[in-house]
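Reading the structure
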Amino acid sequence: MAPAPIDERIRDVAEPRKDTLGLPDPALQRLKKAGIDLSNGYPYRPARPLCLQDVYNIRSKEWKHNDAGARADKSKSALLSAATKVTDLTTHIGTEIEGLQLKDLTDQQKDELALLIAERSVVFFRNQDISPQQQLALGKYYGEVEVHPQVPQVPGNLGVTVIWPDLQATERAANFRNPGGASRWHTDLVHELQPAGITHLHNDTVPPVGGDTLWASGYSAYEKLSPDFRKIIDGKLAVYRSAHPYLNRDHPEAGPKFVERVHPLVRVHPATGWKALWVNRAMTDRIVGLDRAESDVILNYLYDVYEKNVDIQVRFKWTPNTSALWDNRITIHNASWDYGGKYPRHGTRVTSLAEKPYFDPAAPTRREALGLLDESEKQVDGPA
């Protein structure tokens, strides 16, 4: 598979680099078992777009997203009854399911899993025997699979991104003070016209110590805000930017620019109907209509609420051949690099794009919908 841009409408490209790293043995065995062609090297790198116009052009058309969780049986009985054990890892976020293979789920179980992810934000499955091809098929079931124009991918399987910190370190050196990988709080692909929904990361190779991933709940982050403060941000729009910069073809002298999209600060999940805070420190740039100083004050407070309340987070310790499926519409996540690159880590990731974010002022919070509100969360009318 010769390097090419992911879309023929991309005109100006940079040729990809050639990688020479040796694969960790568990990853190599998994890829060989799946029949992945490694004869031209690994991973496959597409020719990278250089110009902003091309990247906007390939992501400019809106489509109708049919959310699998929205059509699921609310009892989720087909999924949960087939599992040998279901464990909520914390009160507000994170569930682990045992006794099921993702590759064998029926369509009804896939829908119910999407609903469970929408309710619990992230769901984990250990001891999974799943190929990149099967991972891609599951991603296509949940929506339009994102084919990233920049990142390394599994040969012959566009849309299956390679997550390999050792490879990333060849491009950006990492150390204790400046950790590598995705070691910062973020949400994937917020700059898309229709941003990410469910992401499925399967790690076939993990460090013996460290390398945990943390997720935080956007439902709970929103619920941590006072009812009156929520009124300040409800309905507000913000500018969300890409992780990678590009040049303006017409004005290259202006220097690198990010892809930018405008989306609501608070969004509603179509499967649950609950409100969630939708900001992240890495890629939410500014609130529309506010001066930069005003925007920074509000956004920095929202980031702190999201990142510093440990009771709305889950920290997961990986074991080999574990899958995590999370919903980017209602979470932020952070991959710990505390193993310092001393051990190999390798996985494959598939992300399904979802609906264009929307806000509904009539939508409830999660705790309100579940009848969990206490006195501190109720609206105060007049002096307290």
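This text goes with the structure placed above it.
Definitions and cut-offs
Residues numbered from 1 in each chain as written. Predicted model: local features only at pLDDT ≥ 70, side-chain atom pairs only at ≥ 80, totals over all residues. Heavy atoms only, no water. Buried < 20%, exposed > 50% of the residue type's maximum accessible area, 1.4 Å probe, protein only. Helix = DSSP H or I, 4+ residues; strand = E, 2+ residues; numbered from the N terminus. Arc of directions from axis to C-beta. Contact = heavy atoms within 4.5 Å. Expected span 1.5 Å × (residues − 1). Polar contact = N/O pair within 3.5 Å; in protein donor to acceptor, adjacent residues only side chain to side chain. Pairing = 2+ DSSP bridges. Axes fitted to C-alpha atoms, helices over the stretch in contact; angles between N-to-C directions. Phe/Tyr/Trp six-rings, centres within 6.5 Å; stacked < 30°, edge-to-face > 60°.

Quick word on helix 5 (residues 132-142)
Residues Pro132, Gln135, Leu136, Leu138, Gly139 and Tyr142 constitute the buried set of helix 5. Around the axis of helix 5, the buried residues are gathered within 160 degrees of arc, so they sit on the same side. In the core, the buried residues of helix 5 are packed alongside helix 1 (25-33), helix 4 (107-120), strand 6 (144-145), strand 8 (196-205), strand 16 (322-327) and strand 18 (346-353). Glycine 143 sits one or two residues past helix 5 and shows a positive phi near 155 degrees.

Quick notes on helix 9 (residues 292-308)
With 17 residues, helix 9 ought to run about 24 Å at 1.5 Å a step, and its terminal C-alpha atoms sit 23 Å apart, in line with that. For helix 9, the complete set of buried residues consists of Ser295, Ile298, Leu299, Leu302, Tyr303, Val305, Tyr306 and Glu307.

Observations concerning the environment of aspartate 311
Mapped onto the secondary structure, aspartate 311 falls in the loop between helix 9 and strand 15 (313-316). As a C-alpha pair, aspartate 311 and histidine 92 span 219 residues in sequence and 7.7 Å in three-dimensional space. Setting aside residues no more than four positions away along its own chain, aspartate 311 makes contact with His92 and Lys224. Side chain to side chain, aspartate 311 and lysine 224 meet in a polar contact 2.8 Å long.

Some details on the sheet that holds strand 9 (residues 213-217)
To summarise the sheet geometry, strands pair through backbone hydrogen bonds and adopt either a parallel or an antiparallel arrangement. Strand order in this open sheet of 3 strands is 15-9-17, and the pairing throughout is antiparallel. The two strands at the open ends of the sheet, each matched to only one other strand, are strand 15 and strand 17 (331-335). Neighbour to neighbour, the strand axes of the sheet diverge by 15 degrees on average, direction disregarded.

Focus: the packing of aromatic side chains
Two measures describe an aromatic ring pair: the distance that separates the ring centres and the angle between the ring planes. Applying the stated criterion across every chain, the model contains 10 aromatic pairs. Aromatic pair phenylalanine 124 and phenylalanine 316: ring centres 3.8 Å apart, planes at 5 degrees, arrangement stacked. Of the two residues, phenylalanine 124 is situated in strand 5 (residues 122-125) and phenylalanine 316 in strand 15; the sequence distance between them amounts to 192 residues. Neither residue differs from the other here; phenylalanine 124 and phenylalanine 316 are each classed as buried. Ring geometry for phenylalanine 229 versus tyrosine 301: centroids 5.3 Å apart, planes at 70 degrees, classification edge-to-face.

Some thoughts on the pairing of strand 8
Of all 10 residues making up strand 8, 10 are buried, and the element is well covered by its neighbours. Bridge count for strand 8 against strand 18 is 7 bridges, and the pairing is antiparallel. Considered in strand 18, the bridge of histidine 200 is made with valine 350. Here 6 bridges tie strand 8 to strand 16, and the two strands are oriented antiparallel to one another.

Side note on the pairing of strand 10 (residues 237-246)
Bridge analysis of strand 10 against strand 11 (residues 257-264) gives 7 bridges, and the strand direction is antiparallel. Residue alanine 238 lies in a different strand from strand 11, and its bridge partner there is histidine 263. Note: strand 10 against strand 14 (residues 284-287), 3 bridges, orientation antiparallel. Looking at strand 14, one finds that tyrosine 240 is bridged to threonine 284.

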